[in-house]
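Notes for the structure review
Listed below are the residues making up each chain.
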Amino acid sequence: MRWFTKLPPVLTFELSRFEFNQSLGQPEKIHTKLEFPQTVYMDRYLYGSKELIQMKREEMKRLKEKMVILQQKLESYMKYGSGPARFPLPDMLQYVLEFIATKPAVVVSSAQGSQTTLLQSQAKPHVLDVLSQPNGILERKDARTEDGAFFLANSSPQQKPSALLQPSGSPAEMSERPAPHVVSEEELNLVRTCLQRWRNEIEQDVQDLKESIARIDLSIEQMYCDPLLQRVPYRLHAVLVHEGQANAGHYWAFIYNQPRKSWLKYNDISVTESSWEELERDSFGGSKNASAYCLMYISDKVSHFVADEDDCSEAGQFQKEVEALPPELRHYIQEDNWRLEQEAEEWEEEQSCKIPQMEPSPASESQDLSSESGPDQSSVCEQSARSLSSEHAMIAKEQTAKAIANTADAYEKNGVEAALCEAFHEEYSRLYLLAKETPTPQNDARLQHVLIYFLQNNAPQQVVERTLLEQFADKNLSYDERSISIMKVARAKLREIGPDDVDMEEYKRWHEDYSLFRKVSVYLLTGLELYQNRKYQESLTYLVYAYQSNTKLLMKGTNRGVNESLIALYRRKCLLKLNEVAASLFVSCEEARVAEGISILNELIIPCMHLMNNFEISKEDLDAIEVMRNRWCSYLGREDMDAKLQMKLGELLPRLLDCSTEVIVLKEPPKIRPNSPYDLCSRFAAVMESIHGASTVTVK
C-alpha cells in the first residue's frame, strides 16, 4: 500500500468519461452520474495518518461484514417463502388476518332459505372435528357427501344437482374477496390473537434490523469525519465540463472566484456568475449529455493566499511581501515598477496615435512633440487634473464611442471637424436632458457620467466644455480611422485652450469632487450589501468612511453627495447589531470569544462612536449610543462574571463613556472600483430596490 508523504498545492482528477464499444467499433461517452464534494480531506492518504487509517479500515471491514449479516437476516423476513414467489412475512400475516375476518357470502333466496339453513346447521359440527381429528378430512368429505345426497333426495324436480356449485343469489350478493366458508368465534379469536402477536413480533424484529443497519451505515459514512483526519483540506476550485458525445461536443468551465465568494461560468467569451446548484446540474451527469471530465482542487493554504491577495488594494497585490523586504531592495522594486508603468503609458500613447495604412505628417509630429514638451504640460496641477479627467473619460468611453459612431454621415460628407462638432453637441444635449430629470431613490443619474454631476451642481461652462472635449480626446477611443481622426482633432483643440481660458485648479477640484462622489457611492453600496449579508464588521467600516467623505461633499452643496440620512440609518443599524454581537461574545466567559468581543469593541464600535460625536450628532444616533453604553454598564457587578472579566469591563468602560481623551483611527476599508458606469448604476438600482421594496428600475 502506498502513502503520500507530501502533497502538491493543486490536485487534478481526470474522470474517465469515454469507453470503446467493441461491438460498434467506435468510442462512446459515459453519462453515468458521479457526485463529488466541494471539499476533500487528504489526511487519510498521508503517511503520518497511516496507523489511524489502518485502524479505521479494520473497523470499516468489521462493520461491513456485520452489515451483510443483518441485511441477509432482513431479507429473510422481507422475501419469505420456499417457492419462486416470495413476499414480506408481515404482509403475509396481515393478509391471513384479513382473510379470516372476511364475512362469507350471504344467500338471500327465499325459495332455498330453509334448505341453505339446514345445510349450514348440518355442516357446523364438522368444523371442529376436522381440526381435532387426524382423519378429519375424510370424515368431512363423507359428511359433505351425505349432505349432498339428502339435499338431492328432497329437492324438487326443477332443481338440478348443479345448484350446489352455483350461488343462488345475484353477483352483487356475493363477497368480492375470498372468505372462509365457516369460522366460529372461538376459532376466529384464537387465530387472530396468534397472528397479531406474531405479526407485531416480526415487525419489531424488522424495525430493529433496519435501525441497526442505519446505525452501521451512519458509522461507515462518518468513519473518516474524525477531526484528526480533517486537517489537510483541499477546496474545489475548477470543474471542466463536456457536453455532447464522444465524437463532438462543447466545453466550458466553472471556476470559484475567491473575492466574490461565488462560482463563475466561463463559456467561450461569456463569463457569468453561477451557483453550486447549476454546477451540480451540469457536472454530475446522469440526467443529460453534460458532465465533468476534470476536477481541480487546491490546498486550503493556497485558497487563503489567493483570497488575501485579492483583498489587497490595486496599488499592489503583494504589498505585504514587498514591505517585508530590506529597504534597499524595496526601493529598487518600487523604482523599477514606476519605470515599467511609464514605459507602458508611452507605448500605449504611441499605439493610440497610429492610424492603419496612414502615416502622420512630419509637421503634425513636430507639433505634438513641441506641445507635449511645453512648460504648461509639466505643471503638476495640470498633470493631476488631466489624470482625473482621463480616468473619468475612460469610464464614459462607451458612451463617447456611441456618440462618435452616430457621426458617420457627417464624417463622410463634411470631414472630421464637422463630425467632432456634431458628436460634441449631440452628447452635450443628451447629458443635459439626463441632468434635468427628476431623481428617484433607485436611480442616480450622476453615476452615469461626470458631466451630469457637473451640470446638476452648476459647474462653470469652461469646466464642462473642457471635460467633454477630453472625452473625445481619450486615447482609448482608437477603434478605427474615424475615431482616431476625431481624437486627434480633439487633442489639437485642447492644446489651443490656454491657462487664461480655464482655471486648472478649479478644474482639478471639480474632478476630485466627482471621484470622491463615486467613491462614496461605492462604499455605501458595498456597506449595504454586506449589511444585508450580515457581515456587520466589514459593513460598518465602509459605511463610516462613506459618511465621513460624504460630509465633506455636502459642505459644498446638497447635490454634491449622496443621501446623508440613508448612510446614517444603516450605520446606526449596523453599529447596534455589531454591539449585540460583541456583548454576546463578552458575556460567554470563554477566553477566545471574550477576546474577540473586546477586539470588535476596540477596533470598530468605540472608534465609530467617537467619530459620530465629532459631527453634529442626531437624536437617533445619540439614542443608539446610549443604548450601547447602557448594555455594557448593565454587566457591572453581575454575579455570573468572575473578577477577571469584571476587571476587563472596568478597562473598557472609560473609553466607551468618554469620547474626548484619545485620538481615534479607523482602518480604511479595501478599495473597490466598478468596471463601468453601467455596473455601478445597475448595482445601485438593485441595492436600493431591495431596501425600498420598489419595482425594477431600467438604467438609461
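Topic: the overall build of the protein chain
- Along the protein chain, the regular secondary structure elements total 25 helices and nine strands.
- Evaluated residue by residue, the protein chain yields a buried proportion of 35% over its 700 residues.
- A separation of at least 24 residues holds for 71% of the contacts in the protein chain among residues at least 6 apart in sequence.
- Accessible surface computed for the protein chain: about 42700 Å², of which carbon and sulfur atoms make up 53%.

A short note on the pairing of strand 9 (residues 290-299)
- Burial runs high along strand 9: eight of the 10 residues are buried.
- As judged from the five bridges shared by strand 1 (residues 10-14) and strand 9, these two strands associate in the antiparallel manner. Paired with valine 10 across the two strands is isoleucine 298, which belongs to strand 9.
- Where strand 5 (residues 233-244) lies against strand 9, nine bridges are found, and the strand directions are antiparallel. For arginine 235, the partnering residue across the bridge sits in strand 9 and is isoleucine 298.

Description of a negative patch on the surface
- Residues Asp409, Glu412, Glu422, Glu426, Asp480 and Glu481 make up a contiguous surface patch of negative charge.
- At the level of secondary structure, the elements contributing two or more residues to the negative patch comprise helix 14 (408-414) and helix 15 (416-436).

Focus on the nonpolar core
- Membership of the largest hydrophobic core comes to 92 residues, with the highest contact counts inside it found for Phe454, Phe472, Leu524, Phe586, Ile605 and Trp632.
- Counting residues per element, this core draws most heavily on helix 19 (residues 504-532), which supplies 13 residues.
- Those residues in contact with isoleucine 605 that lie beyond four places of it in its chain are Leu575, Leu578, Asn579, Ala582, Ile600 and Met628.
- Formed by 23 residues, the second largest nonpolar core is a distinct cluster that contains Trp3, Leu74, Leu89 and Ile100.

Points about the pattern of salt bridges
- Applying the stated criterion to the full structure yields 23 salt bridges.
- A salt bridge links arginine 430 to glutamate 427; the nearest nitrogen and oxygen atoms lie 2.8 Å apart. Pair noted here: arginine 430 and glutamate 427 are both in helix 15, with a separation of three residues, about one helical turn.
- We classify arginine 430 as partly exposed; its relative accessible area is 32%.

Observations regarding the packing of helix 19 against helix 20 (residues 536-554)
- For the pair helix 19 and helix 20, the least separation of the axes is 8 Å and the interaxial angle reads 150°. The angle between helix 19 and helix 20 falls in the class roughly antiparallel. Crossing geometry of helix 19 relative to helix 20 is assigned as left-handed. Two secondary-structure elements touch here, helix 19 through Asp513, Leu516, Phe517, Val520, Tyr523, Leu524, Thr526, Gly527, Leu528, Leu530 and Tyr531 and helix 20 through Tyr536, Glu538, Ser539, Tyr542, Leu543, Tyr545, Ala546, Ser549, Asn550 and Leu553.

Details of the confidence of the model for the protein chain
- Averaged over all residues, the pLDDT of the protein chain is 77; the fraction at 70 or higher stands at 77%.
- Put simply, helix 4 (residues 125-132) is where the protein chain has its lowest mean pLDDT, 38, and strand 7 (residues 262-267) is where it has its highest, 93.

Quick notes on unusual backbone geometry
- Its identity as a non-glycine residue notwithstanding, lysine 261 has a phi of 55°, on the positive side.
- Mapped onto the elements, lysine 261 comes out in the loop between strand 6 (249-257) and strand 7.
- At cysteine 589, a residue that is not glycine, the phi angle is positive and equals roughly 70°.
- For cysteine 589, the location among the structural elements is in the loop between helix 21 (564-587) and helix 22 (591-614).

Looking at helix 20
- Relative to the 27 Å expected for 19 residues at 1.5 Å per residue, helix 20 spans 26 Å between its end C-alpha atoms, a close match to the ideal helical length.
- Burial within helix 20 is extensive, with 14 of its 19 residues counted as buried.

Some remarks on the environment of leucine 325
- Mapping leucine 325 onto the fold places it in the loop between helix 9 (319-323) and helix 10 (327-352).
- Contacts of leucine 325, omitting those with residues within four sequence positions, involve Arg330 and Ile333.

Comments concerning the packing of helix 23 (residues 619-633) against helix 24 (residues 643-657)
- Closest axis-to-axis distance for the helix 23/helix 24 pair is 10 Å, and the angle between their directions is 165°. By the criterion of interaxial angle, the relationship of helix 23 to helix 24 is roughly antiparallel. Note on packing geometry: the crossing formed by helix 23 with helix 24 is left-handed. Contact residues: helix 23 offers Arg629, Trp632 and Cys633, while helix 24 offers Leu649, Leu653, Leu656 and Leu657.
- By residue class, the composition of the contact of helix 23 with helix 24 is six nonpolar, no polar and one charged.

Thresholds, definitions, all that
- Residues numbered from 1 in each chain as written.
- Predicted model: local features only at pLDDT ≥ 70, side-chain atom pairs only at ≥ 80, totals over all residues.
- Heavy atoms only, no water.
- Helix = DSSP H or I, 4+ residues; strand = E, 2+ residues; numbered from the N terminus.
- Buried < 20%, exposed > 50% of the residue type's maximum accessible area, 1.4 Å probe, protein only.
- Contact = heavy atoms within 4.5 Å.
- Areas by Shrake-Rupley, 256 points an atom, 1.4 Å probe, with all protein chains shown as cover.
- Pairing = 2+ DSSP bridges.
- Patch = residues over 30% accessible without salt bridge, like charges linked within 9 Å, V, L, I, M, F, W, Y side chains within 5 Å.
- Salt bridge = Lys/Arg side-chain N within 4 Å of Asp/Glu carboxyl O.
- Lys, Arg positive; Asp, Glu negative; His and termini not counted.
- Charge placed at Lys NZ, Arg CZ, Asp CG, Glu CD.
- Core = buried A, V, L, I, M, F, W, Y, C linked by side-chain atoms within 4.5 Å.
- Axes fitted to C-alpha atoms, helices over the stretch in contact; angles between N-to-C directions.
- Parallel < 35°, antiparallel > 145°, perpendicular 65-115°, else oblique.
- Left-handed = near helix turned anticlockwise from the far one by under 90°.
- pLDDT = per-residue confidence, 0-100.
- Expected span 1.5 Å × (residues − 1).
- Nonpolar A, V, L, I, M, F, W, Y, C, P; charged D, E, K, R; others polar.

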